[in-house]
Structure formats: structure tokens, C-alpha cells
Amino acid sequence: GWTFADVAGNYNDASGTVDDAIGKANAAIVVNGYTGVYDGAAHGATGTATGVNSEDLGGLLHLGASFTGVPGGTADWTFDGDSNYNSDSGTAGIVINKANATVTVTPYNTTYDGAAHTATGTAKGVLNEDLAGLALGGTTHTAAGSYPGDGWTFTDVTGNYNDASGTVDDTIGTAALVITPADASRGYGQTN
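Residues numbered from 1 in each chain as written. Predicted model: local features only at pLDDT ≥ 70, side-chain atom pairs only at ≥ 80, totals over all residues. Heavy atoms only, no water.

A separate point is the overall build of the chain. Scanning the chain from terminus to terminus reveals zero helices and 16 strands. Counting only C-alpha atoms, the chain reaches 170 × 20 × 20 Å along its principal axes. If you take every contact in the chain between residues at least 6 apart in sequence, the share linking residues at least 24 apart comes to 47%. In the structure as shown, the chain presents an accessible area of about 12300 Å², 49% of it carried by carbon and sulfur atoms. Here the chain carries 4 positive and 20 negative side-chain charges, and the mean point of each set is 23 Å from the other. (Helix = DSSP H or I, 4+ residues; strand = E, 2+ residues; numbered from the N terminus. Contact = heavy atoms within 4.5 Å. Areas by Shrake-Rupley, 256 points an atom, 1.4 Å probe, with all protein chains shown as cover. Lys, Arg positive; Asp, Glu negative; His and termini not counted. Charge placed at Lys NZ, Arg CZ, Asp CG, Glu CD.)

Dropping the structure here:
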């Protein structure tokens, strides 16, 4: 309410009321998504909320879900608002791209022994974890010979890695022929 009191005596005193209102302000909200290569860690949105006097309103900002695996997802963020600020909400994209596995294939160079031989290898993930999906069957041979360009493949089963393929050069050398001399007591090569 308001009042007017005349001090000169020329006017009537008066009073009344008015309805005052101060509307809520919008906070300055900045929310950023994430784009990166799979690294085994959880990733989510980042952001800030600032008031009209540059005050930090981050405690009212909730950034939503985090994602670890490919392809990521959508973080639904919210700003609670309060008696001075309007609430708000939105989305931020979290994009996680496939990583390259570390595939190591070791060729063989051995001598023919009648057994099948296959290159050896491993597929490791970004956290040095063993990964399934390495196929070395294209490097298997039994006969003596040179096998340049033997193929291997890696097919990811987790969804977090790129498939890969490559070749190695494998060799199986000929075995030495072992000849034992004839037994002289049998009379081979003797003349009478």
C-alpha cells in the first residue's frame, strides 16, 4: 500500500494499494553433448547455469544420463528453477564412435612335421581386455611351402570396435630326408 499525507494543508490525504510483481528470470544455461571414440569410460553432457548477477546456479542443473558404449545416446537435462528463475529442460547428444582393437598376429616359420600349423594372435581392447572374434583359420597349413598373404579377420562381438583384417606370411620348410646306411652284415654290396 501507499499513503499521501498533505503537509501544507491544501490537499486531502490519500492512500491505496497496487499489485506489484517481479517475474521470474531465465537463467543462462549452456549444455554441451559429447562426441568421441569408445574408451571404456562413461561420458555425459557438461554444462553451466548462471543467474542474472553472474551467480552460479549449477546446483539446480541436472545433466541426465551418461553412456559408456557405442553408439551413446541422449542425455535429457533439466534445470529445476526456483523462486527467482524459471525451470527449463532439453537434450544433449552423447555420440560414442567405435574404437580400433589392437590386433597382433604372429606368423609361423617352421619345418614340415605332418601337423597343421596356424598363426597365433590376440585382439585387445582399449582397456587391454581380451576380445573374442579373431579368426586365424586362413593361416592354417600342413604341407611344406611358402604362404604369403595368409588372411586373418577380426569381427567385433561387443559393438564397440571396428572390424579388421590383415595378412601374414607363413612358411613351412621341407624336412630333411634321413637315410640310414644299409646294414653291412646283410651282405649288401659284398662280392664273393
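Turning our attention to the environment of Thr122. Looking at where Thr122 falls in the secondary structure, it is placed in strand β12 (residues 120-124). Thr122 sits in the partly exposed class, given a relative accessible area of 37%. Along the primary structure Thr122 and Val31 are separated by 91 residues, whereas in three dimensions their C-alpha atoms are 41 Å apart. Other than its neighbours up to four places away in sequence, Thr122 contacts Thr102, Val103, Thr104 and Leu134. (Buried < 20%, exposed > 50% of the residue type's maximum accessible area, 1.4 Å probe, protein only.)

All right, on to the pairing of strand β8 (residues 88-97) then. For strand β4 (residues 34-37) and β8, the ladder comprises four bridges, and the chain directions are parallel. Residue pairing for β8: Val37 is matched across the bridge by Asn97. One ladder, built from eight bridges, connects strand β7 (residues 72-79) with β8; its direction is antiparallel. Paired with Thr74 across the two strands is Gly93, which belongs to β8. (Pairing = 2+ DSSP bridges.)

Our focus in this paragraph is the sheet that holds β4. The strands making up a sheet are joined through hydrogen bonds of the backbone, oriented either antiparallel or parallel. Overall, mixed pairing links the four strands, which are arranged β4-β8-β7-β6 in an open sheet. Only two strands of the sheet have a single partner each, and these edge strands are β4 and β6 (61-62).

Right, let's talk about unusual backbone geometry for a bit. Cis geometry is found at the peptide bond from Val70 to Pro71, where omega equals 15 degrees. Residue placement: Pro71 occurs in the loop between β6 and β7. Although it is not a glycine, Ser54 adopts a positive phi angle of roughly 65 degrees. Here Ser54 lies in the loop between β5 (46-50) and β6. On the basis of relative accessible area, Ser54 is assigned to the exposed category, the value being 63%. Look at Asn128: it is not a glycine, yet its phi comes out positive at around 65 degrees. Mapped onto the secondary structure, Asn128 falls in the loop between β12 and β13 (134-135).

Take the sheet that holds β13 next. Ordered in space as β11-β16-β14-β13, the four strands form an open sheet in which the pairing is mixed. A single partner strand is all that each edge strand has here, and the edge strands are β11 (109-111) and β13. The sheet contact formed by β11 and strand β16 (residues 164-173) spans three bridges and is parallel. Counterpart to Thr110 in the pairing with β16 is Ile172.

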